[in-house]
Amino acid sequence: MNVEWELPRKVMKLFRSRYPFQSSMLNTDLPAIFYEEACYKDRPYVLPLVILKTRTCKWFQTGGGCTMCNFQSISAYDHTISKENIINQVNWAMKKLTSHFQRPYLHLTSSGSFLDPDEIDEETLIEILRIIKKNNVEVLSTESRPEFVLNEQRLETMRENFNGSISIGIGLESSNDFIRNFCINKGFGTKAFMQAVDILKKHDITFHSYILLGKPFLSTYEDIEDTLRTIRLTISLGGIAIVRLVNLQAHTLVHWLWERNMYALPRLWSALRVLEDLTPTERSKVWIKGIDKDMPPAIAYAMNCEECTSTVHNALVGWNITRDYHIIKQIIDCCDCKIGWEKTLEEPSERNEKRILETYETIFDEMQQQSL
Amino acid sequence: MHLHVSTPIKVMKAIRELYDSRSLPPWDPKTCYIYYEDSIYDGKPYFLPIVVLRTRPCNWLVKGGGCLMCDYQRVAALKDRDIDELDIISQAEWALKHLKPNERFPYVHIASSGSTLDSKEISDYVLVKLLKLAEQVGVKTFGLETRPEFLLDTNRLDLMEENFNGNFSVGIGLESSDEFIRHYCINKGFRIKTFDSAVEALIKRNIEFFSYVLLGKPFLTVKEDVEDAVRSIRYSLRKGGLALLMVANLQPNTLTHWLWKRDMYDVPSLWAAIRVLELLEPEERGKVAVKAFDKAVPMPHHFAASCGKCTSTIRNALVGFNFTADFNVLESVSDICDCKRDWEEKFEYEPELSLRERVTRSYERIARELNI
């Protein structure tokens with residue numbers, strides 16, 4: 001079959017032109033902050049995630065961005081942003097986060113890739129690292145697309161100016177090139193990811209992959225299998241796997257599909273199944289995120305039924321905090337709604353490239369017909 | 001109006017009559033509710049299954065109109081619903097078959113629609129059956145809940161000990177250690193000396209107990225409410241028990257719901273729950289868990305929250321605390337949101353009138369509107 005590899009990019013660009021994003025006025029001196037449940041030094045830890053408002057992700061500008069991502073909403077989309085603005089954001093965040101407690105483990109990133117010099121230039125990077133070091137941060141987690149990791153100069157700057165642990169999060173999403181391209185429009189190949197991981201190792205920097213659960217165009221079974229394979233690739237390369245359940249964000253293709261009954265958020269059962277299918281050693285390197293908060297806040301999050309959502313949600317929260325799989329096992333079949341979810345596993349079990357390409361054609365046609 | 005001791009009872013009876021004609025949800029006498037609470041058992045994170053049997057309603061509901069925040073009658077055999085001993089046994093069999101205690105749930109909490117030890121709800125015959133059945137399927141710790149007056153019946157306690165070879169954990173709805181508050185703000189219908197005698201009977205037999213302490217009592221200021229909860233927790237701990245801080249949720253068909261509709265009440269903020277724990281000593285906190293902020297039977301109209309930005313983080317931190325008893329997780333969210341300042345202002349509010357005067361005025365209005 002002749003696969004038009006550029007099709008998702010064409011669709012995403014068309015989508016962006018049909019639904020231009022209107023940025024609201026934002027305070028360019030304030031970052032976005034939210035918190036995720038974690039475990040640090042074997043104790044429960046509430047991890048602050050600081051998202052600096054910088055220039056918008058380059059991939060959003062050049063390739064239309066990922067199908068589920070609305071990060072442009074918190075970026076300095078149509079505002080100019082200065083080095084001073086960014087430093088003000090970091091200072092504000094550190095003041096807020098450390099005035100009452102020590103927070104030695106911090107996730108701090110930009111609106112796209114922290115290592116993209118167009119978002120954070122060299123001078124700003126050094127200043128940011130100086131500020132967080134002064135505030136006793138021991139572990140710094142951040143995010144970048146793999147192509148910016150290939151710039152060794154940036155990694156050297158990181159290492160020279162921050163002596164704590166560093167982990168770079170890379171949105172691998174899927175280890176399968178076809179799925180990453182067509183379901184996510186991620187815009188890089190597995191090869192770039194592998195190269196990035198190699199270079200990080202050379203600089204004594206660890207990595208974590210973001211792995212998407214709830215990818216559009218896939219059946220539940222395909223989605224879970226792909227997630228498992230991607231987790232295993234990440235772990236085999238020495239990384240940590242952050243499984244992110246898709247939540248519904250405005251201004252995304254996923255939302256457009258959802259409005260047309262062509263997409264549904266994953267069930268929380270899928271996250272449990274992923275954990276269940278891993279070995280204990282693999283599982284210990286997996287975290288489940290995106291189930292109840294995000295930046296920007298989502299329109300809807302993955303759920304089960306009304307009766308069990310809270311329990312299963314709390315089990316996943318408990319897993320992130322305690323790393324004790326026993327609580328997951330306890331509630332693994334706590335509700336009859338699981339039977340309905342299991343039926344969805346019987347849908348096509350072979351990845352059907354033809355099916356996905358045909359769907360794209362439908363989307364493309366429908367979008368083209370819409371007037372501006 | 002003179003605040004008479006019978007006022008809360010009269011009001012609650014009128015409230016129940018008001019809602020008497022409502023339609024009740026579908027109801028199968030052979031099955032019951034099961035839900036799961038984030039807990040600790042044997043020093044590890046544990047999902048405690050709460051089995052709520054459908055039985056005849058709480059004795060106090062029938063006699064005294066029931067507690068003013070409680071709608072447990074929705075799960076009970078009321079109106080044209082009848083229940084017999086075999087039904088209740090079937091429910092327990094159904095629940096325990098589902099739970100498989102010997103594999104996953106050595107500790108099971110089995111509640112009835114009022115008091116497990118009230119022989120009108122659970123006869124001697126049914127109680128013995130439940131205990132034997134639980135033991136047979138591997139339950140090691142049997143949790144139950146009851147009004148204190150039923151613990152004064154030594155025969156029932158004898159039956160428990162004779163027919164179950166394991167531990168018990170008995171929950172008592174103390175709600176408040178203050179006689180005035182328990183009577184006028186909850187209409188609980190028992191005195192502290194009854195609670196004391198009940199607890200003594202349990203301690204004499206080496207049976208563990210815990211008190212339900214209500215946070216979010218009507219008519220109180222935020223500060224009075226928090227301080228009363230702290231005192232009540234300490235009272236329970238001093239008596240040798242544990243405490244569950246029940247964060248009030250809003251149940252339909254209750255006086256709290258009636259007040260809420262008239263802007264005279266709302267459920268507490270989650271900040272109040274954190275403040276209660278902050279005010280306790282570290283060794284006291286280890287004996288407290290926080291419940292009812294995200295699930296309850298029957299399903300409430302709404303749960304306690306803080307603000308749209310931080311509720312999810314605070315709830316998850318409470319879940320983390322319940323699973324680990326690590327106060328650090330709550331401490332580290334205590335400064336995350338600006339909405340706390342508004343709550344602090346409410347906490348500092350000092351009313352001009354005394355509590356008695358405020359309660360009197362509130363009951364005057366309620367009585368007037370209910371035509372009592």
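Note that the coordinates shown come from a computational prediction; the quantities given were computed from them, not determined experimentally. Every residue gets a number counted from 1 within its own chain, in the order that chain's sequence is written. The lettering of chains begins at A and the numbering of ligands begins at 1, in the order of writing. Totals for whole chains, interfaces and linings use every residue, but because this is a predicted model, local features are given only for residues with pLDDT of at least 70 and side-chain atom pairs only at 80 or more, for both listing and counting.

1. A few points about the environment of A:Asn91
Residue and element names in this part refer to chain A.
At step 1: Following the sequence through the fold, Asn 91 ends up in helix α3 (residues 83-98).
At step 2: With C-beta atoms placed from the backbone, a residue counts as buried when 20 or more other C-beta atoms lie within 10 Å of its own, as exposed when 12 or fewer do, and as partly exposed for counts between those limits. According to the C-beta neighbour criterion, Asn 91 is partly exposed, with 16 such atoms within 10 Å.
At step 3: Sequence separation of Asn 91 and Lys 285 is 194 residues, and the distance between their C-alpha atoms is 32 Å. In this description a helix means any DSSP run of H or I spanning at least four residues, a strand means any run of E spanning at least two, and both kinds are numbered starting from the N terminus.

2. Some remarks on the pairing of strand β3 (residues 107-111) of chain B
Residue and element names in this part refer to chain B.
At step 1: Taking burial as the measure, the five residues of β3 include five buried ones, the bulk of the element.
At step 2: Every second residue of β3 is oriented toward a common face, with Tyr 107, His 109 and Ala 111 on one face and Val 108 and Ile 110 on the other, all of them buried.
At step 3: Here three bridges tie strand β2 (residues 44-52) to β3, and the two strands are oriented parallel to one another. Its bridge partner being in β3, Ile 50 is matched across the sheet by His 109.
At step 4: Here the rule is simple: two strands pair whenever DSSP picks up at least two bridges between them. With three bridges connecting them, β3 and strand β4 (residues 141-145) associate as parallel partners. The residue bridging Val 108 from the neighbouring strand is Phe 142, located in β4.
At step 5: Assignment of crossover handedness uses the view with strands pointing away from the viewer, where a clockwise path from the first strand over the helix to the second indicates a right-handed crossover. Between β3 and its parallel partner β4, the chain crosses via helix α4 (residues 124-136), and the hand of that crossover is right-handed.

3. A look at the sheet that holds strand β7 (residues 240-245) of chain A
The strands that make up a sheet pair up through hydrogen bonds in the backbone, lying either parallel or antiparallel.
Residues and elements named next belong to chain A.
At step 1: Strand order across the open sheet formed by eight strands is β1-β2-β3-β4-β5-β6-β7-β8, with mixed pairing between neighbours. Strands with a single pairing partner mark the edges of an open sheet, and in this sheet they are β1 (32-40) and β8 (286-289). Put simply, the sheet's adjacent strands are angled 25° from each other on average, direction ignored.
At step 2: Pairing of strand β3 (residues 105-109) with strand β4 (residues 139-143) involves three bridges; the strand directions are parallel. For His 107, the partnering residue across the bridge sits in β4 and is Ser 141.
At step 3: Note that contacts rest on C-beta atoms placed from the backbone: two residues are in contact if these are within 7 Å. Fitting a line to C-alpha atoms yields each axis, with helices limited to the stretch in contact; the angle taken between N-to-C directions then spans 0 to 180 degrees. On the sheet, helix α8 (residues 190-202) packs against β5 (165-173) and β6 (206-213) and is oriented at approximately 175° with respect to β5.

4. Some words on the packing of helix α1 (residues 7-18) of chain B against helix α15 (residues 355-370) of chain B
Residue and element names in this part refer to chain B.
At step 1: It is at 11 Å that the axes of α1 and α15 come closest, and there the two elements cross at 40°. α1 and α15 meet at a crossing whose hand is left-handed. Here α1 contributes Thr 7, Val 11 and Ala 14 to the contact with α15, which in turn contributes Tyr 363, Ile 366, Ala 367 and Leu 370. Here is the rule for handedness: rotate from the far helix to the near one, and if that takes an anticlockwise turn smaller than a right angle the crossing is left-handed, while a clockwise turn gives right-handed.

5. So, the sheet that holds β4(B)
Residue and element names in this part refer to chain B.
At step 1: The strand order across the open sheet formed by eight strands is β1-β2-β3-β4-β5-β6-β7-β8, and the pairing between neighbours is mixed. Both edges of this open sheet fall to β1 (33-41) and β8 (288-291), since each of them pairs with a single strand only. Between one strand axis and the next, the sheet turns through 25° on average, direction left out of account.
At step 2: As paired elements, strand β5 (residues 167-175) and strand β6 (residues 208-215) share five bridges and run parallel to each other. Within β6, the residue paired with Ile 172 across the bridge is Ser 211.
At step 3: Sheet strands in contact with helix α12 (residues 311-324) are β1, β2 and β8, and its direction is about 65° off that of β1.

6. Let's talk about unusual backbone geometry
At step 1: Of note, the amide linkage connecting A:Met295 to A:Pro296 takes the cis form, showing an omega dihedral of -5°.
At step 2: With respect to the helices and strands, A:Pro296 occurs in the loop between β8 and α13 (309-322).
At step 3: A positive phi angle is found at B:Phe219, which is not glycine, with a value near 75°.
At step 4: Topologically, B:Phe219 is positioned in the loop between β6 and α8 (222-238).
At step 5: Owing to 22 C-beta atoms within 10 Å, B:Phe219 belongs among the buried residues under this scheme.

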